[in-house]
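# Geometric and topological summary
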Amino acid sequence: MEQLSDATFWIALGKIVWVNILLSGDNAVVIALAARGLPESQRNKAVLFGSAAAIVLRVVLTLFAVELLHYPYLKLIGAALLFWIGVQLLVPEGDHEGGTKTASNLWTAVRTILIADLVMSLDNVIAVAAAAESGPPAARTLLLVIGLGLSIPLIIFGSQVLMKVMERFPVIIVLGAALLGFVAGEMLVHDQSVEGFFIGLGGATTTIVEVAGAVGVVLVGKWLASRRNAATAAHAAAQPRAAVVATPAGLQRVLLAVDGSEGALKAVQHLIGLREDLRDRESLDVHLLSVQRPLSGDVNRFLSGQTLDDYHRERSEEALAPARAALDAAGLAHHDHSRVGEPGPTIAEVCREQACDMIVMGARGVGAASAALLGSVAQSAIEHATVPVLVVK
C-alpha cells in the first residue's frame, strides 16, 4: 500500500498510539477494578467482553469525530478542548467519592466497563481524531483502526506496567501533554475558517502556532498545578492538629517517605546508617510513609469507595514492603502510614501531624530538565515542609 511508505502516515500513527495510551490510564483502572469482585474465570471474561465492546464503540465515535472535523469552526472548538485536556494531565486530581459498587456478576461488570469507557473517552476521541487528521487523507480510517488496535490491547493488559512507568518517569506525562498542545495548534491552523489566513502568513507561522500550543499547555498546566498544590498545603496547614507528646531530649523523630523505587531503598539504607552515628541509637523514632496519588474524578464516579480503598491499600503495601523489610532486618522500629493525595504536600502534612523534625526520601532520578518542566516529589516536599528534607540520590 502506497500510504505505508508515506512518512506522515507513520508520524500520525505514532501520535494516535501515544495519545491514546496516555489518556487511557483511567479507563484501564476502571476496566481492572470493575471486575475485581468477580471469580477469576468471570473476571477475565468481563475484561475481554467489556473491552471488546468499548473498542468497537470508541472506533465508531472516533470515525464520527473525524467526519465532524471537516466542518468549519469545529476544529477550533476541538483545538480548545484538546489544549484543556493537555493542561488537565498536569494538574493534580482532587478527591471524589466513589460511585457504583463493585460488580457482583459478569454482565454488571461488562456494563460498568462499557458505560465508563463511553463517558471517559471524550478526550481520547478528540485527541485520536485530531492525530489522524495529520496523516494522509486516504489513509485516515486505516490509521484509526491500526492505531486503536495497537494501543488498546496495551492499555487492557499492560495498564499496571504503563502506570508504573509513567510514575517512574513523569516526564512522559509532560511530553504527552505537550504533544496534545502541539496537535491542538495543528488543528487550529487547519480549520477551514482560518486556514487561508495562516497560509498567507507563510509556512513558518504554522510551526510557530504548533510549538506555541505545546509550550502553552505545559506552562498553563504547571501554573494551575502550583496553585492547586499551594491551596492544598494552605488548607492542610489550617486544619487543627492532634496533640503530639513532646519528644525527650535527644530523640529524633524522622519521616521516611518511600514509593518502592530503588531511590527509596537507598534512602532507607541511608537512614539505617544515620542511626549508627547517633549517641543514643534507640532514640530514633521512624515514621514510614507511602503516598498514593488519587485517581481521577472520572474513575471515582464508576467505582465504589471500598474498591478504591482496596486498590490504594494494595499499592501502598507494595511501596512499603521493601522498606519495612530493610528496617526490620536492621532492628529499627517504625510506625507505618499510608495516605492518598499529592505526594509533596501530603508528605509535609504527615510530617507536621507526627511532629517529625526531619524528612528523609529518595530521589526518583528526574533530571534537571525534567524537574524544571514537571517538578519532582522531593522538590514539592521541600517547598511545603517546615523541617529539613534529606534527599538521598
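This section reports on the structure supplied with the text. (Residues numbered from 1 in each chain as written. Predicted model: local features only at pLDDT ≥ 70, side-chain atom pairs only at ≥ 80, totals over all residues. Heavy atoms only, no water.)

## A closer look at the packing of helix α14 (residues 343–353) against helix α16 (residues 377–384)
Where we set the bar: Every axis in this analysis is a line fitted to C-alpha atoms, fitted for helices over the stretch in contact. Angles between the N-to-C directions lie between 0 and 180 degrees. The way it works is that DSSP assigns letters per residue, a run of H or I at least four long becomes a helix, a run of E at least two long becomes a strand, and they are numbered from the N terminus. Each angle gets one of four labels, with under 35 degrees taken as roughly parallel, over 145 as roughly antiparallel, 65 to 115 as roughly perpendicular, and the rest as oblique. Whether a crossing is left-handed or right-handed is set by the direction in which the near helix is turned from the far one by less than a right angle, anticlockwise for left-handed and clockwise for right-handed. We call two residues contacting when some pair of their heavy atoms lies within 4.5 Å. Three classes are used: nonpolar for Ala, Val, Leu, Ile, Met, Phe, Trp, Tyr, Cys and Pro, charged for Asp, Glu, Lys and Arg, and polar for all others, with Gly counted as polar.
Following both chains from N to C, one finds α14 and α16 inclined at 45°, their axes separated by 7 Å at the closest point. By the angle between their axes, α14 is oblique relative to α16. By crossing handedness, the relation of α14 to α16 is classed as right-handed. Here P343, G344, P345, I347, A348 and R352 of α14 lie close against α16, whose contacting residues are V377, S380, A381 and H384. Grouping the constituent residues of the contact of α14 with α16 by class yields 6 nonpolar, 3 polar and 1 charged.

## Topic: α14
Rules: Each residue's exposure class comes from its accessible area (1.4 Å probe, protein chains only) as a fraction of the maximum for that residue type: buried when under 20%, exposed when over 50%, partly exposed otherwise.
Among the 11 residues in α14, 8 count as buried, and that is most of the element. Taken residue by residue, α14 has P343, G344, P345, T346, I347, A348, V350 and C351 as its buried positions.

## Section: unusual backbone geometry
Unusually for a residue other than glycine, Y73 sits at a positive phi of about 75°. Its place among the elements puts Y73 in the loop between α3 (40–68) and α4 (74–89). Judged by relative accessible area, Y73 falls into the exposed class, the value being 53%.

## A short note on the side chain of T346
With respect to the helices and strands, T346 occurs in helix α14. Aside from chain neighbours lying at most four places away, what touches T346 is V291, R339 and G341.

## Details of the packing of aromatic side chains
We apply this condition: Ring pairs are drawn from Phe, Tyr and Trp, using the six-membered ring of Trp, whenever the two centres fall within 6.5 Å, and their geometry is named by plane angle: stacked under 30 degrees, edge-to-face over 60, tilted for the rest.
Summed over the entire model, instances satisfying the criterion amount to 1 aromatic pair. For the pair F9 and W10, a centre-to-centre distance of 5.3 Å together with 85° between the ring planes defines the contact as edge-to-face. We classify F9 as buried; its relative accessible area is 0%.

## Description of the packing of α4 against helix α8 (residues 171–189)
Packing of α4 against α8 brings their axes to within 8 Å, and their N-to-C directions diverge by 170°. Taken together, α4 and α8 sit at an angle that is classed as roughly antiparallel. Touching K75, L76, G78, A79, L82, F83, I85, G86 and L89 of α4 are I173, G176, A177, L180, V183, A184, M187 and L188, all from α8.

## Here's the deal with α16
Convention followed: Starting at the helix axis, one direction is taken to each C-beta atom, and the arc is that of these directions.
Three or more residues of α16 are buried, namely A378, S380, A381 and H384. Taken end-on, α16 shows its buried residues confined to a sector of 160°, consistent with a single buried face.

## Some points on the environment of A231
Inspection of the secondary structure puts A231 in helix α10 (residues 203–238). It is 9.8 Å that separates the C-alpha atoms of A231 and P345, two residues lying 114 residues apart in sequence.

## Re the pattern of salt bridges
Opposite charge on two side chains makes pairing possible when the charged atoms of those side chains draw close. Stated formally: The rule for a salt bridge is simple: a side-chain nitrogen of Lys or Arg has to be within 4 Å of a carboxyl oxygen of Asp or Glu.
Applying the stated rule across the entire model yields 7 salt bridges. When the shortest N-O distance is used, the salt bridge between R313 and D310 registers 2.6 Å. Within this pair, R313 and its partner D310 are both found in helix α13 (residues 305–329), separated by 3 residues, close to a single helical turn. Among the ionic pairs, R339 bridges to E353, the shortest N-O distance being 2.4 Å. Taken as a pair, R339 in strand β3 (residues 334–340) and E353 in helix α14 lie far apart in primary sequence, 14 residues in all. The exposure class of R339 is partly exposed, given its relative accessible area of 27%. Each of E317, R324 and D336 takes part in a single network of salt bridges with overlapping partners.

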